[in-house]
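Each chain is listed here by its residues.
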Amino acid sequence: MEPQQEQPTPSLEDCLKLLKGERDEQRLAGLLLVTKFCDKDDHASIRRVYDAVGVQFLNRLLKTGMGNGGVSGSGGENREAYLQLSITVLAAFCRVPEIASSEDMVSKIPLILEIMSKDALPSSQKLLRMQINCIVKRKVKDNGLMPWENTGSQSVEFSLRLVQLLITTLSLDTISNEYPSELAMMVAAISKQFAVLHDALKFEALHLLSAIMSSKHSAPLHEALRSMNHDIWSTFIRVGVVAILQNRVAPAEKIQALILVESVISIVGEGWLIGQMNLASSELPVPADRCMLLVLESSRVEVAVLLDELAYLKYEASKNSSSNSESGLLKQRNLAVVFSLVERIIKLISNIGGDEGSGISESTIMKVISGLNETIGVVLEYLQDAKDHGQTKGDDLLASVRVVGSYLAETPLACEEKVRELLGFMLSIKGEDESSPFYSVCFLLPMLCQTTMEDYGCKVLVSSGAYKAVVECLIKLVGPDGSLIHDNGSIFLACDTVVNLLLKRDQIQVPLDDACFVRLLGALAYWTGDTDDLSAIMMASTICALIFDSTSEEALLQHPSFDKRLLNSLSQLIARSLAISGKVHYFYFDGCHCDHLADEGREEDMNHASNLCSKASLSVRVMWFIM
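Per an unreviewed UniProt entry, the protein carries the name Neurochondrin and comes from Rhododendron griersonianum.

Next comes the structure, spelled out in structure tokens:
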């Protein structure tokens, strides 16, 4: 018996001949063979196979697998096999970037989406991911992803769906970090459609812009948008937002619009709220302040609704429902957005209040102030509700204090009676991650600094005991923990408030707790120990002098935290401030009269003053101290 001859292994050329055959059966056989031995990294061979099989046959094979028959000899029983084969082949082709990003392949994305919605084929998901990755790397870099000029709504819809796939399949983190400039161009293209569309696609554009620009990974995108040669994209968004807010749309759409507004303002500033509203010269003119007024009114409505819903969830609804917890978190996130917008409008009105060239009328400003006043009243009622329920901890409460503080910084006497009633409570509020009040005090410092310039303001702060919160805040800011905060603005506001209290100690006739001020002495010594900041030295020495002037040697010695080392540090601090000022200062250290200690700021004067301070008793009486 003659030995059997081995069958020759098919070659790539044999497969290509089958793929170029006239009958579908030949092409199917060629595809089955080529998937078995064609190397996935051999792009040149994959390209030859793609050219040989042809676009039309691939389309027919894919549609056959989806039940839209086209390949001869296909039966219903083979449809799933055809679908699997077509997806596998397309995935292999998409390993070549030029094929994956070609118009032929991009046009198949809707079909792939349809397949994924009906059948969770892992290969189809893999194909889509590879395809979109190649589009990002090639099409986006060529600025060819958004072909919207002079095209119909179908093309716009397709492009929007493609962008949605980009951000869900590759993640915004990847795209924003690797292609921030390309993503910025994409945002600009979507923004134009957001402005000009007047159908359901307008909301699709809104959702995309909101998702892309408010992402926690959007910092590189924001920087890319700032560096663009023009900001027409922001004008488009302003026009689109106004169209949403001034019409009757679902509350969820308005929230999305407000989220988008907050993102845009974080990029270009509050001034964006006032600006051009017309895209064409033929349109009727729209007032430049329309966007600001609509954003304010929408934010005010949302503040009232969200606070009411949060109060219900916190104090009345069942605590056992996980859906309530999730709903509460979403409402808190939305509340943070609308609170931020209210604060930005407060800042905007503050900046343009005295600017006659702002283009905003006095009546508009008064309308805004009236609306803000009403909204702050609503927030104060929410805080009163929390006080009545004994709640002092929560990011929603802290955010409420922040927005109240922002408003009172500009109008310290607004809602005066209610603020006086709630002052102590507001200064006791802690965020979720805080063990003791801190940020709530910082938010109210601008108002407290202004009101304590008058005796009445000092009496309110001291009579409620709230002054201790200010002193504790200053200790945290300048003490050992202060290096983690770096907030000079809050430091000097707290210092000024403490100085105001100490200067009016006799007038307010309310005893102060010496213990917290002694601890403050230690924090001030730490703050100025190795600093060359003249403002810090002079401010700290002023507070020290005023504290010394209001106490006695016996009282200080009773505190274990006050020792000779601290005394020496404070002596050095006062001596340095004397040397810096270069003026005549009169000090009495229990009968030791020291004058002209720092006549010209000479080093020997500073040393002399330091020695005198060190040798003097602790009972320091400051007769005159000028910074």
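1. Remarks on the overall build of the protein
When its secondary structure is counted, the protein shows 30 helices and 3 strands. In the protein, 71% of the contacts between residues at least 6 apart in sequence involve partners at least 24 apart. When the accessible surface of the protein is split by element, carbon and sulfur atoms take 50% of a total near 30,300 Å².

2. Some remarks on the side chain of S298
Relative to the assigned elements, S298 resides in helix α16 (residues 290-315). Excluding residues that lie within four positions of it along the chain, S298 makes contacts with L245 and L258.

3. Description of the packing of helix α11 (residues 180-196) against helix α14 (residues 232-245)
In contact at an axis separation of 8 Å, α11 and α14 are set at 35 degrees when each is read in the N-to-C sense. Where α11 crosses over α14, the handedness of that crossing is left-handed. For the pair formed by α11 and α14, the contact residues are A188, S191, K192, F194 and A195 on the first element and W233, F236, I237, V239, G240, V241 and I244 on the second.

4. Quick look at the confidence of the model for the protein
Averaged over all residues, the pLDDT of the protein equals 79, while 77% of them reach at least 70. Throughout residues 139-152 the model reports pLDDT below 50, and contacts reaching past four residues in sequence, or to other chains, amount to 35 contacts.

5. Some thoughts on the packing of helix α18 (residues 362-388) against helix α20 (residues 416-426)
Put simply, α18 and α20 touch, their axes get as near as 10 Å, and they point 50 degrees apart. Considering the angle they form, α18 stands oblique to α20. Crossing of α18 over α20 shows left-handed handedness. Of α20, the residues touching α18 (which contributes L380, E381, L383, Q384, A386 and K387) are K418, V419, E421, L422, F425 and M426. Considered class by class, the residues forming the contact of α18 with α20 number 7 nonpolar, 1 polar and 4 charged.

6. Describing the environment of E432
Here E432 shows up in the loop between α20 and α21 (439-451). Each C-alpha atom, one on E432 and one on G394, is 5.1 Å from the other, the two residues being 38 residues apart in sequence. Discounting chain neighbours no more than four positions away, the residues touching E432 are K393, G394 and D395.

7. A look at the environment of M105
With respect to the helices and strands, M105 occurs in helix α7 (residues 103-106). Given a relative accessible area of 1%, M105 falls into the buried group.

8. Digging into the packing of aromatic side chains
The full count for this structure, using the stated rule, is 5 aromatic pairs. Residues Y50 and F93 carry aromatic rings whose centres are separated by 5.2 Å and whose planes lie at 75 degrees to one another, so their mutual orientation is edge-to-face. Taken together, the residues span a long stretch of sequence, with Y50 in helix α3 (residues 43-53) and F93 in helix α5 (residues 79-93) at a distance of 43 residues. In this structure F93 comes out as buried when scored by relative accessible area, which is 3%. Each ring, one from F438 and one from Y439, has its centre 5.0 Å from the other, and the planes form 75 degrees; the classification is edge-to-face. Residue placement shows K202 over the ring face of F194; its charged tip is 5.4 Å from the ring centre.

9. So, α20
All of the buried residues in α20 are K418, V419, L422, L423, F425 and M426. The buried residues of α20 occupy an angular sector of 170 degrees when projected down its axis, which confines them to one face. In this structure, the buried residues of α20 make contact with α18, α19 (395-410), α21 and α22 (455-463).

10. Some points on the state of the cysteines
Taken as a whole and assessed by the stated rule, the structure comprises 0 disulfides. With no disulfide of its own, C449 lies closest to C495 among cysteine sulfurs, the gap being 9.9 Å. With a relative accessible area of 12%, C449 lands in the buried category.

11. Here's the deal with the pattern of salt bridges
Should the charged atoms of two oppositely charged side chains come close, the side chains can pair. Summed over the entire model, instances satisfying the criterion amount to 15 salt bridges. A salt bridge links D24 to R60, with the nearest nitrogen and oxygen atoms 3.0 Å apart. Of this pair, D24 sits in helix α2 (residues 24-37) while R60 sits in helix α4 (residues 55-65), and the two are 36 residues apart along the sequence. The exposure class assigned to R60 is partly exposed, which follows from its relative accessible area of 28%. As a salt-bridge pair, R47 and D51 come within 3.6 Å of each other at their nearest N and O atoms. In this pair, R47 and D51 both sit in helix α3, 4 residues apart, roughly one turn of the helix.

12. A few points about unusual backbone geometry
In this model, C415 sits at a positive phi of 45 degrees, which is unusual for a non-glycine residue. For C415, the location among the structural elements is in the loop between α19 and α20. A relative accessible area of 23% places C415 in the partly exposed class.

13. Let's talk about the nonpolar core
Formed by 146 residues in total, the largest nonpolar core has its most connected members in M213, I237, L273, L383, L520 and I543. If we skip the residues at most four places from it in the chain, L383 touches L397, S400, V401, V404, L422, F425, M426 and I429. Counting residues in each nonpolar core, the second largest holds 30 residues, with L19, A52, L85 and I115 among its members.

14. Remarks on helix α15 (residues 251-268)
The end-to-end C-alpha distance of α15, which contains 18 residues, comes to 26 Å, matching closely the 26 Å that a straight helix rising 1.5 Å per residue would cover. Turning to α15, its buried residues number three or more, namely E253, I255, A257, L258, I259, L260, V261, E262, S263, V264, I265 and I267. Positive phi appears at G269, one or two residues downstream of α15, with a value of about 100 degrees.

15. Digging into the side chain of T497
By the element assignment, T497 lies in helix α24 (residues 488-503). Residues within four places of T497 in sequence aside, it is in contact with L445, L448, C449, T452, L461 and V470.

16. Some remarks on the environment of I574
Take I574: it is sitting in helix α29 (residues 564-581). Looking at I574, the relative accessible area reads 4%, which means it is buried. For the pair I574 and C544, spaced 30 residues apart in sequence, the C-alpha separation works out to 8.2 Å.

What counts, and at which threshold
Residues numbered from 1 in each chain as written. Predicted model: local features only at pLDDT ≥ 70, side-chain atom pairs only at ≥ 80, totals over all residues. Heavy atoms only, no water. Helix = DSSP H or I, 4+ residues; strand = E, 2+ residues; numbered from the N terminus. Contact = heavy atoms within 4.5 Å. Areas by Shrake-Rupley, 256 points an atom, 1.4 Å probe, with all protein chains shown as cover. Axes fitted to C-alpha atoms, helices over the stretch in contact; angles between N-to-C directions. Left-handed = near helix turned anticlockwise from the far one by under 90°. pLDDT = per-residue confidence, 0-100. Parallel < 35°, antiparallel > 145°, perpendicular 65-115°, else oblique. Nonpolar A, V, L, I, M, F, W, Y, C, P; charged D, E, K, R; others polar. Buried < 20%, exposed > 50% of the residue type's maximum accessible area, 1.4 Å probe, protein only. Phe/Tyr/Trp six-rings, centres within 6.5 Å; stacked < 30°, edge-to-face > 60°. Lys NZ or Arg CZ within 6 Å of the ring centre and 35° of its normal. Arc of directions from axis to C-beta. Disulfide = S-S within 2.5 Å. Salt bridge = Lys/Arg side-chain N within 4 Å of Asp/Glu carboxyl O. Core = buried A, V, L, I, M, F, W, Y, C linked by side-chain atoms within 4.5 Å. Expected span 1.5 Å × (residues − 1).

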